[in-house]
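Spelled out, the chains give:
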Amino acid sequence: MQLLEVEASAPGKVILFGEHAVVYGEPSLSLALQRRTFVSGQPVGEAFTVNGFPLDPNFHSYIERAVKQHWKLGPLRLQTESQIPSGSGIGSSAALSVATNAVLLRLQSPDTVPLSEIAHAAFLTEFDTQGRASPNDTTVATAGGGVLLAPKRLESPDLEFLWQIEREERTWNAHRVKIPELPLVIGVTGSKGKTAEQVAKVRRFVEKSSFARDVVKDIGRITMAGVEALRKNDLRTLGDLMNRNHEHLHTLGVDTPLLETLVQGARKVRGTLGAKLTGAGGGGSMVVLSENPDEVKVALEKLGASAFLAPASRDGVLVKP
Ligand code: PMV
């Protein structure tokens, strides 16, 4: 019997290490945030609607793509709501893709849908909507907690293998990483960086410059050093690595003057261990690791950002029923 309604929600994410480099198969390490996107779907009505409006590819590009890819039945009434600022590098589109696909798949399935199936479906939605993308954001939004993507499957008592995702010539292996409570603050610039544009910009650089390819490789090494620092709960080293990762992102050209001001401003606060831009850049957000998160928040706000303390979420996608 078909369900009359399904509700799903998925978290935003913060990338601690490895954005952009992950597109070229280097590892990345991310955390799910407690801010979520909620989607509900009812297979009723005469036409597809989203929040009462007709489904429109210009306004609902991710949802429209997901419906085209993964929905075989008649009209749907969808409702969405989000606590994640859009276009800010903290995973709003991935959370929407994951929650939407979770609703679509569950409505068509007699049983609960495996997480790996939701993750694969949502990655396809992101990839086809955004152009080139890694499965980083959709994997974290599905799995929750800490997630390491790596080109090879890694064996370690601290890592739990989740699933493998392939696309064109690349393979990413998703692992769950245990993450201690981290005092993180996120600063949102309010200017929206377009992920596809930033990814294309880095691609042009990487294709023509062996220097850029070396930078990408070194980001991969920094990410794995970050995993080790987390395992040892060595926040000082973790912060240094975040700073180094930021310098590389600056070199790749995805930093902006405001992001740089926020990163430098956060580093001036006593107790700050590290700061970097997070996500695609070109606007968007930055993240700070600090023993003094409240002061960092105030400092970032004074510099023109909106800022919030960012505890991690253990929960990935949640689906009812
Ligand atoms: O800015 P966001 O949240 O879309 O993050 C993009 C992360 C990139 O590594 C730049 C792209 C990707 O698909 O992994």
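Values in this document were obtained by computation on a predicted structure and should not be read as measured data.

(A) Fine view of the domain arrangement of the protein chain. Looking at the protein chain, the domain boundaries give domain 1 (6-179) and domain 2 (184-309). Between domain 1 and domain 2, the C-alpha centre-to-centre distance is 23 Å. Each side of the interface is counted separately: domain 1 has 28 residues, and domain 2 has 39 residues. Buried area between domain 1 and domain 2, both sides added, is near 2,800 Å², and the carbon and sulfur share of it is 70%. Among the residues domain 1 hides against domain 2, the three largest losses belong to F17, H20 and Y24. Together they make up 26% of the total. For the pair domain 1 and domain 2, the interface holds two salt bridges. The shortest N-O distance in the salt bridge between K276 and E19 comes to 2.9 Å. Between domain 1 and domain 2 we count 11 residue pairs in polar contact (both at pLDDT 80 or more) in total. Of all elements in the fold, only strand 1 (6-17) and strand 2 (28-42) reach the threshold of two or more residues within the side of domain 1 that touches domain 2. Sorting elements by how many residues they give to the side of domain 1 that touches domain 2 places strand 2 first, with five residues. Per-class residue counts for the side of domain 1 that touches domain 2 are 15 nonpolar, eight polar and five charged.

(B) Main features of the layout of surface pockets. Space inside the largest pocket adds up to approximately 980 Å³. Around the largest pocket sit 49 residues that line it, and Y62, G87, S92, S93 and Q130 are the ones nearest its centre. When residues of the lining of the largest pocket are sorted by domain, at least three fall in each of domain 1 (6-179) and domain 2 (184-309). Quantified by volume, the second largest pocket comes out at close to 310 Å³. Taken together, 14 residues form the lining of the second largest pocket, with G145, G146, I179, A312 and R314 sitting closest to its centre. Here the lining of the second largest pocket is built from residues that sort into seven nonpolar, three polar and four charged.

Parameters at a glance
- Residues numbered from 1 in each chain as written.
- Predicted model: local features only at pLDDT ≥ 70, side-chain atom pairs only at ≥ 80, totals over all residues.
- Heavy atoms only, no water.
- Domains from an automatic or database assignment.
- Contact = heavy atoms within 4.5 Å.
- Buried area = accessible area lost by both parts, 1.4 Å probe.
- Salt bridge = Lys/Arg side-chain N within 4 Å of Asp/Glu carboxyl O.
- Polar contact = N/O pair within 3.5 Å; in protein donor to acceptor, adjacent residues only side chain to side chain.
- Helix = DSSP H or I, 4+ residues; strand = E, 2+ residues; numbered from the N terminus.
- Nonpolar A, V, L, I, M, F, W, Y, C, P; charged D, E, K, R; others polar.
- 1 Å grid on protein atoms, 1.4 Å probe; cavity = no way out; pocket = protein on both sides within 12 Å on 5 of 7 lines; lining within 4 Å.
- Points joined across faces, edges and corners; volume = space filled by probe spheres on them.

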